[in-house]
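Overview (structure and organization)
Listed below, chain by chain, are the residues.
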Protein chains: 2
Amino acid sequence: MTEPCLLVLDADPLPRLDRLSGRARIVHADENTLAEHLPAADVLLVWDFLSDAVREAWPGGGPRPRWVHTPSAGVDRLLPELSASPDTVITNARGVFDQPIAEYVAGLTLAMAKDFRGSWELQRQRRWRHRETKRVGGTRGVVVGSGPIGRAVGRTLKALGVSVELVGRTERTGDPDFGKVHAGDALHGLLGDADWVVCVAPLTEESRGMFDAAAFARMKPGAHFINVGRGQHVVEKDLKRALVEHRIAGAALDVFADEPLPSESELWDVPGLLVSPHMSGDTIGWRDDLAEQFLDNFDRWEAGEPLLNVVDKDLGYVPSTS
Amino acid sequence: MTEPCLLVLDADPLPRLDRLSGRARIVHADENTLAEHLPAADVLLVWDFLSDAVREAWPGGGPRPRWVHTPSAGVDRLLPELSASPDTVITNARGVFDQPIAEYVAGLTLAMAKDFRGSWELQRQRRWRHRETKRVGGTRGVVVGSGPIGRAVGRTLKALGVSVELVGRTERTGDPDFGKVHAGDALHGLLGDADWVVCVAPLTEESRGMFDAAAFARMKPGAHFINVGRGQHVVEKDLKRALVEHRIAGAALDVFADEPLPSESELWDVPGLLVSPHMSGDTIGWRDDLAEQFLDNFDRWEAGEPLLNVVDKDLGYVPSTS
């Protein structure tokens, strides 16, 4: 029996691959060699999940992998090209990033409320300047994204005493943690009450650019905005203007339309804007967790069982089973 | 009927004092005039609670206030002098700071786990450098101080998934949130397992200097230390050495033996040390809350009812009623 061909688009070394010894023929590719190897591959592991190479190299017709796995939550770097191949299944890293990103967002929320950056800047200047800070308990938050990450973010903010409204694609009621989940078109009506607006949505045609001048105009002067979704959710020049003109109190971006953020970008020193390098979900050991998750799914694939975390290519994410 | 004399040691203006109009003769003093006014005062409000003037001016014998209120959690700036006046009751601001300080500590915990200071320093340099961060969920914390603030800190860390051991003066079991509360002499035995060590204890003769070289030597190389209690809980040179020699991973101090921290202090630039200017409990509106709390107690005093939040002068804090 011929071993299946596993094609790996590499970035960093992939841990734990020895588990497939004797079970798969493993071929490594980079962005330049990906196209030539794709037709012969049964499975593609997009280990370099920040690359757009798969979309660019995808063979529209003829032989191609039947299973593509991306060790990321978002699959926007594979669509729409792979949607045109109905016999190819895409799976993602659903679950791995939930708690890390929830902690990151809770940390940013508290850090902005307590003005930690201000304190550490004063520390650098050896200046003692007492200020009053904000309470987080008793405030209101809107979390955009009702998948597992958005729900984990919402639950963690709730644990800090924040009253949370969750926004998904479609309205639903009876959510065990949040009661009602709002439809996307309700967002603007919710923004005016929010002290914290968090974007953790998948990037789709509907969500692209949703945080624009009109959205920021709906927010309160005391509101803070946090984006851990995708850079393209935000019209960056509109956010910059909202901060420069003090229409909102502050923002934190972990993701950007252009990554890595170029050193000449004007976003680095917008007043009230905290920048971090797309790392909200990446806790120590995350690559091991991601490799493990793929290998567990490979076991299922080999045994002919249904794969876990299958992306709905029309929606652009893994639909909730509940 | 003569109005009672309320003496106020002022720092900033005291809000809401009009509530006492016609009910008390209000005399304002500063550090220089306090001693001359003290004998005629029925009630002393130490609005400038960071001052040591009361201890210095306290009349050992003869007439003196029968009630002294400090709008702070700690009463260490009044003891031991006031302990020698058994007919003088001390009350404090128990309760006001619980949730703010719990949020501050949770924020510091997450900020250290996610290395926010590192990200914002890189932002200043316009450098994109991805790093892996720590998870907070699943870690272990030790909170020293089992009063309302320590309990609020412990509950908030628990809500973030931290397993928390609480240390008080004496051991007790059956605590609704923490099960067993450990006695102070159990601390060294607990430090070796802790990822987070938080000091939120009242300053007493027993707790002074408790975080010394021996305590830091017990901690793990990955441990972080947070002090929101009093500066005198920490032997600052021992903490500096523990950080410089990488015996622990990091620390955050909101309180210092010498406040305001002098600009020439070597603590400003110890590697891995976050400095903030004694503000962990001071959220917007805190002065209103503190004034309100005093005025509510004044109502009770005027009506001859027992005062709330009476300090046990031997213990140095308000004992828990539970």
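Along every chain, residues carry numbers that run from 1 in the direction the sequence is written. Think of it this way: whatever chain is written first is A, whatever ligand is written first is 1, and the rest follow in order. Restriction of local features to residues with pLDDT of at least 70 applies here, the model being predicted, together with a cutoff of 80 or more for giving and counting side-chain atom pairs; totals for whole chains, interfaces and linings are based on all residues. Each side-chain value is derived from all of the structure's non-hydrogen atoms; neither hydrogens nor water enter the calculation.

With an unreviewed UniProt entry as reference, chain A is termed 2-hydroxyacid dehydrogenase, source organism Streptomyces daqingensis.

Here we come to the interface of chain B and chain A. How big an interface is tends to be stated in terms of accessible area lost as the parts join. Chain B puts 58 residues into the contact, and the matching count from chain A is 58 residues. Contact between chain B and chain A buries roughly 5100 Å² in total, counting both sides, with carbon and sulfur atoms accounting for 61%. A per-residue breakdown of the area chain B buries against chain A is headed by B:W120, B:R126 and B:W128, which together make up 18% of the total. The term salt bridge refers to a side-chain nitrogen of Lys or Arg lying within 4 Å of a carboxyl oxygen of Asp or Glu. For the pair chain B and chain A, the number of links is 6 salt bridges. Put simply, A:K114 and B:E103 hold a salt bridge, and the shortest N to O gap is 2.9 Å. Polar contact criterion, stated in full: a pair of N or O atoms within 3.5 Å, where within protein one must be able to donate a hydrogen and the other to accept it, and residues adjacent in sequence count only if both atoms are side-chain atoms. Our count for the chain B to chain A interface comes out at 28 residue pairs in polar contact (both at pLDDT 80 or more). Counting from the N terminus, the helices are the DSSP runs of H or I reaching at least four residues and the strands are the DSSP runs of E reaching at least two. Breaking the side of chain B that touches chain A down by element, the ones donating at least two residues are α3 (98-114), α4 (116-124), α5 (148-159), β13 (273-275) and α9 (286-302) of chain B. When residues in the side of chain B that touches chain A are grouped by element, the largest group, 10 residues, is from α3(B). For this classification, Asp, Glu, Lys and Arg are treated as charged, while Ala, Val, Leu, Ile, Met, Phe, Trp, Tyr, Cys and Pro are nonpolar and the rest, including Gly, are polar. Residues belonging to the side of chain B that touches chain A are distributed by class as follows: 26 nonpolar, 14 polar and 18 charged. Contacts are residue-level and defined by heavy atoms, with any inter-residue pair within 4.5 Å sufficient. Take the accessible area each of two parts loses on contact, using a 1.4 Å probe, and add the two losses: that sum is the buried area.

What follows concerns the packing of α3(B) against α5(B). Residues and elements named next belong to chain B. Geometry is summarised by axes, namely lines fitted to C-alpha atoms with helices restricted to the contacting stretch, and by angles between N-to-C directions that run from 0 to 180 degrees. It is the contact of α3 with α5, at a shortest axis distance of 8 Å, that shows an interaxial angle of 45 degrees. The angle between the axes of α3 and α5 places the two elements in the oblique class. Helix-helix and strand crossings are classified by hand; for α3 and α5 the assignment is right-handed. Contacts between α3 and α5 involve D98, Q99, I101, A102, V105, A106 and T109 from the first element and P148, I149, A152, V153, T156 and L157 from the second. Between 65 and 115 degrees an angle is taken as roughly perpendicular, under 35 as roughly parallel, over 145 as roughly antiparallel, and anywhere else as oblique. Should the near helix be turned anticlockwise from the far one by less than a right angle, the crossing is termed left-handed; should it be turned clockwise, right-handed.

The side chains of a regular strand alternate, residue by residue, between the two faces of the sheet. All names here are of chain A. Each residue's exposure class comes from its accessible area (1.4 Å probe, protein chains only) as a fraction of the maximum for that residue type: buried when under 20%, exposed when over 50%, partly exposed otherwise. In strand β12 (residues 250-253), alternate side chains face the same way, and those of G250 and A252 on one face and A251 and L253 on the other are all buried. The handedness of a crossover follows from its direction of travel: if, with the strands pointing away from the viewer, the path from the first strand over the helix to the second runs clockwise, the crossover is right-handed. For the handedness criterion, the β-α-β arrangement of strand β11 (residues 224-227), helix α8 (residues 236-244) and β12 is classed as right-handed. If DSSP finds at least two bridges between two strands, the strands pair. With 3 bridges joining them, β12 and strand β13 (residues 273-275) adopt parallel strand pairing. Bridge pairing links L253 to V275 in β13.

Let's shift gears to α8(A). Residue and element names in this part refer to chain A. Turning to α8, its buried residues are E236, D238, L239, A242 and L243. Buried residues of α8, viewed axially, fall in a sector of 160 degrees; they line one side. Opposite its buried face, α8 presents the exposed residues K237 and R241, each directed more than 90 degrees away. Its buried side turned inward, α8 meets α7 (213-218), β11, β12 and β13. Phi for H246, located one or two positions after α8, is positive at around 55 degrees. By definition, the arc is the one covered by directions from the helix axis to the C-beta atoms.

A separate point is the UniProt feature "domain: D-isomer specific 2-hydroxyacid dehydrogenase NAD-binding" (unreviewed entry) in chain A. As annotated in UniProt, the feature "domain: D-isomer specific 2-hydroxyacid dehydrogenase NAD-binding" (unreviewed entry) corresponds to residues 107-280 of chain A in the numbering used here. Between the C-alpha atoms that bound residues 107-280 of chain A there is a distance of 10 Å. The span itself is 28% helix and 19% strand. UniProt positions are given in the numbering used here, feature names are shortened, and annotations may be inferred rather than shown by experiment.

On to the relation of the copies chain B and chain A. To superpose the copies, least squares is applied to the C-alpha atoms of every residue with a pLDDT of at least 70 in both. For the pair chain B and chain A, the superposition axis carries a translation of 0.0 Å, the fit reaches an RMSD of 0.1 Å, and the rotation angle comes to 180 degrees. In symmetry terms, the pair is related by a two-fold rotation axis. Same-surface contact between copies: 100% of interface residues of chain B are shared with the interface of chain A.

What follows is about the side chain of B:T283. Turning to its location among the elements, B:T283 is positioned in the loop between β13 and α9. For B:T283, a relative accessible area of 2% gives the class buried. Beyond its immediate sequence surroundings of up to four residues, B:T283 is in contact with A:K114, A:E132, A:T133, A:K134, A:R135 and B:P100.

In this approach the atoms are scanned with a rolling probe the size of a water molecule, which exposes any empty space left behind. Residues and elements named next belong to chain B. Residues are called lining when one of their atoms sits within 4 Å of a cavity or pocket point, these points coming from a 1 Å grid over the protein atoms alone, where a cavity is a set in which a 1.4 Å probe fits but cannot get out and a pocket is an open set with protein on both sides within 12 Å along at least five of seven lines. Grid points are joined across faces, edges and corners, and a volume is the space filled by probe spheres set on the points. For the structure on display, the rule yields 6 cavities of 30 Å³ or more. Of the volumes computed, that of the largest cavity is approximately 60 Å³. For the largest cavity, the full set of lining residues is V46, F49, T70, S72, G74, V75, D76, R77, L78 and R230. For the lining of the largest cavity, a count of residues per class yields 4 nonpolar, 3 polar and 3 charged.

So, about the sheet that holds strand β3 (residues 43-45) of chain A. All names here are of chain A. One open sheet holds the 5 strands; their spatial order is β2-β1-β3-β4-β5, and the pairing between them is parallel. Unpaired on one side and paired on the other, β2 (25-29) and β5 (89-91) mark the two borders of the sheet. On average, each strand axis in the sheet is inclined to that of its neighbour by 20 degrees, with strand direction left out of account. Bridging between strand β4 (residues 67-69) and β5 involves 3 bridges; their strand directions are parallel. Bridging across to β5, W67 finds its partner in V89. Lying over the sheet, helix α9 (residues 286-302) contacts β1 (5-9), β3, β4 and β5, oriented at roughly 165 degrees with respect to β4.

Attention now goes to the pairing of strand β11 (residues 224-227) of chain B. Residue and element names in this part refer to chain B. Burial along β11 is two-sided: H224 and I226 and F225 and N227, pointing in opposite directions, are all buried. Judged from the 4 bridges that link them, strand β10 (residues 196-199) and β11 form a sheet pairing that is parallel. When the sheet's bridge partners are listed, V198 is paired in β11 with I226. You can see the chain leave β10, run along helix α7 (residues 213-218) and come back into β11, and the turn it takes is right-handed. As paired elements, β11 and strand β12 (residues 250-253) share 4 bridges and run parallel to each other.

Any two rings among Phe, Tyr and Trp, with Trp reduced to its six-membered ring, count as a pair given centres within 6.5 Å; such a pair is stacked if its planes are under 30 degrees apart, edge-to-face if over 60, and tilted if neither. Inspection of every chain in the model, using the stated rule, returns 25 aromatic pairs over all chains. For the ring pair A:W128 and B:F256, a centre distance of 5.7 Å and an interplane angle of 75 degrees mean the geometry is edge-to-face. Of this pair, A:W128 sits in the loop between α4 (116-124) and β6 (140-144) while B:F256 sits in the loop between β12 and β13, on two different chains. The class of A:W128 is partly exposed, set by a relative accessible area of 22%. Of the aromatic side chains, those joined through ring pairs into one cluster are A:Y104, A:F116, A:W120, B:Y104, B:F116 and B:W120. Positioned over the ring face of A:F178 is A:K158, at 5.4 Å from the centre of the ring. For a Lys NZ or an Arg CZ to count as sitting over a ring, it must be within 6 Å of the ring centre and within 35 degrees of the ring normal.

The next point concerns the side chain of B:S265. Within the secondary structure, B:S265 is located in the loop between β12 and β13. Here the side chain of B:S265 touches B:L267 through a polar contact of 3.0 Å, landing on its backbone nitrogen.

The next subject is the pattern of salt bridges. Residues and elements named next belong to chain A. Under the criterion given, the structure shown has 55 salt bridges over all chains. For the salt bridge of E292 with R19, the shortest nitrogen-to-oxygen distance reads 2.8 Å. Separated by 273 residues along the polypeptide, E292 in helix α9 and R19 in the loop between β1 and β2 bring together distant segments of the chain. Judged by relative accessible area, which is 27%, R19 ranks as partly exposed. One salt-bridge network, held together by shared partners, links R16, R19, R23, D288, E292, D296, D299 and E302.

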